[in-house]
Amino acid sequence: MSMVQIKWYLAGVLFILLQSGGDARIHKLTLENETRSAVDLNNFGFFANGTLDVNMSFLLVQKLDYTAFPVGFSLSRSRVIEVLSYTAEETETCPLKPTSNANSTEPLVLFLIDIYNLCVDVSTMGFQDSILSATPKGDTNKVKGKSRDASESESKDVGAKKVEKSEYFLDKNAKLTLDLGVNNGLYSFSFHMLFGEKSQGLYSLKFHYCHNMEPGIKIPYSFTVDVKEKNLEGFLSAAEIPLSRLYICMAGVFFTAAMIWVYTLMKHRYSVFKIHWLMAALAFTKSTSLVFHSINYHFINTEGHPIEAWAVMYYITHLLKGALLFITLVLIGTGWAFVKYILSDKEKKIFIIVIPLQVLANVAYIIIESTEEGSSEYYLWKEILFLVDLICCGAILFPVVWSIRHLQEASSTDGKAAMNLEKLKLFRHYYVMIVCYIYFTRIIAILLKITMPFQWQWCYEFLVEVSTLIFFVLTGYKFRPASNNPYLQLPQDEEDVEMDEVVTESGALEGISKVKKTSNGRDCQKEPTL
């Protein structure tokens, strides 16, 4: 695939992804002929007075025994988003059955759809103080929940039919019966929820079709659901609210570090290599990416969805940053420009592997950001991203290991032992730095995230950005352009040294001066040939 084809491919991917508009807090998901037993619609952290609006329409299901195999929604609270993502598939019993949640102490609300009686049975568990606003079933006297006050009921006209909406205070073991609309065999209902002080937390909204949990033939179903989540400060989840300010602050820090690096390069211009400027480009690209990331979150918070122009700029800079990062790390590990200007065949194979995988990883990231969480493609691309990122992290270690092995063998060579030992020590430090960076950002930070309260999970992003900054600074310090840096203290080419020795012994060029070049190819000074 040529570079032109790659550019057109990436441009096409960006265009298609932006049409989906999935990276928002106002969601619309349409599923047709779906067979999954559980669909994760969304995860969101609500503060007190946060609101959730759900409008399900065009529900098409077959008539089955829904007493044994219930159909409906569950709204459950948990501290850990990663746990929520897998509970629905791991449980052996239907989450909509009361027996499966009898010991639950966390707030839980179940919405069981009954197409035979055209109603939605609502039951609550755990301690909570939320307020549910919905249309009750038929006569309001049949509603078993606690109505706040008749005067707080609201009404609206839908065509020629007047629909009454009542508000109900949800506490432990509350039971309500809501109205289920039907039109040409398609069912619909909606509700609005206001979260109280006791109910605030990280919630997961799921749709369950329990019949498909049983082995055998999977029965398809279809529906469309609109979900709107909001806190008092905007449309961002509780853990995402500080991210816009965090990213813009870190962008300033990375930009400052990049300017300091450029000043260092200008100060030691005779010791600067091409890869030093590549490192500067990486720092500036990282800063720019964070700026657009901050702007993206700002508009999601205020509008409920990203602005396409800013989202495109963020995705482009994110792609460039990811590619530059791994290319720079591999080039430093191979010693390119510092030690040699030609890569070996096995080092070229690393680039052949890493660069396409990085493109795939970034495309997977963009798809995840732009796809609704309830779609079947979401988790597929999430697994692809995890696997590809793991392969890339492992691949960048190979050039460093090869360089260490080469220096270990060269350290026993006469006349080069001291210099090679210094380089060997530096490469070992670099190897440890890469391993620590990968281990911290991919494992430690995630473990810290799942142990934090829901409103502090933004600290995961803070730790990742700070660790990236530290890694950049240490790498720049280790491989800075300075005359006393052992990595840059390279001897002349061996053939030139041998030729000088032969010429000196013959005395043919006695008294003639020759130009001595630095390791980066610049004329430095003239030395007499003895």
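Residues numbered from 1 in each chain as written. Predicted model: local features only at pLDDT ≥ 70, side-chain atom pairs only at ≥ 80, totals over all residues. Heavy atoms only, no water.

An unreviewed UniProt entry annotates the chain as G protein-coupled receptor 108 originating from Iconisemion striatum. If you open the UniProt record of the chain and go to Subcellular location (unreviewed entry), you find "Membrane". (UniProt positions renumbered as here; feature names shortened; annotations may be inferred.)

(A) Looking closely at the state of the cysteines. Summed over the entire model, instances satisfying the criterion amount to one disulfide. Note that Cys 94 is cross-linked by a disulfide to Cys 210, the S-S spacing being 1.7 Å. Classification of the bridge connecting Cys 94 and Cys 210 rests on its S-S torsion, roughly 45°, and on that basis the disulfide is right-handed. Here Cys 210 lies in the loop between strand S13 (201-209) and strand S14 (221-230) and Cys 94 lies in the loop between helix H2 (81-90) and strand S5 (108-114), a separation of 116 residues in the sequence. (Disulfide = S-S within 2.5 Å. Helix = DSSP H or I, 4+ residues; strand = E, 2+ residues; numbered from the N terminus.)

(B) Broad picture of the UniProt feature "transmembrane region" (unreviewed entry) in the chain. UniProt's feature table lists "transmembrane region" (unreviewed entry) at residues 245-265, 277-300, 312-338, 350-368, 380-402, 430-450 and 462-479, given in the numbering used throughout. Helix makes up 100% of residues 277-300 and strand 0%, with an end-to-end C-alpha separation of 35 Å. Between the end C-alpha atoms of residues 462-479 there is a gap of 26 Å, over a span that is 94% helix and 0% strand.

(C) Highlighting the pattern of salt bridges. All chains considered together, the criterion is met by four salt bridges. Between Asp 40 and Lys 206 there is a salt bridge; the shortest N-O distance is 3.3 Å. Of this pair, Asp 40 sits in strand S2 (residues 38-46) while Lys 206 sits in strand S13, placing them 166 residues apart in sequence. Residue Lys 206 is classed as buried on the basis of its relative accessible area, which comes to 3%. Salt-bridge contacts for Glu 465 lead to Lys 286; the nearest nitrogen and oxygen are separated by 3.0 Å. In this pair, Glu 465 is assigned in helix H10 (residues 459-478) and Lys 286 in helix H4 (residues 274-303), connecting sequence segments 179 residues apart. (Salt bridge = Lys/Arg side-chain N within 4 Å of Asp/Glu carboxyl O. Buried < 20%, exposed > 50% of the residue type's maximum accessible area, 1.4 Å probe, protein only.)

(D) Representation of the sheet that holds S5 within the structure. Strand order in the open sheet formed by six strands is S2-S13-S4-S5-S6-S10, and the pairing between neighbours is antiparallel. Each edge of the open sheet carries a strand with a single partner, namely S2 and strand S10 (175-179). When strand polarity is set aside, the average angle formed by the axes of neighbouring strands in this sheet is 15°. Here strand S4 (residues 71-78) runs beside S13; their pairing, made up of eight bridges, is antiparallel. Pairing of Ser 78 across the sheet is with Leu 202, part of S13. (Pairing = 2+ DSSP bridges. Axes fitted to C-alpha atoms, helices over the stretch in contact; angles between N-to-C directions.)

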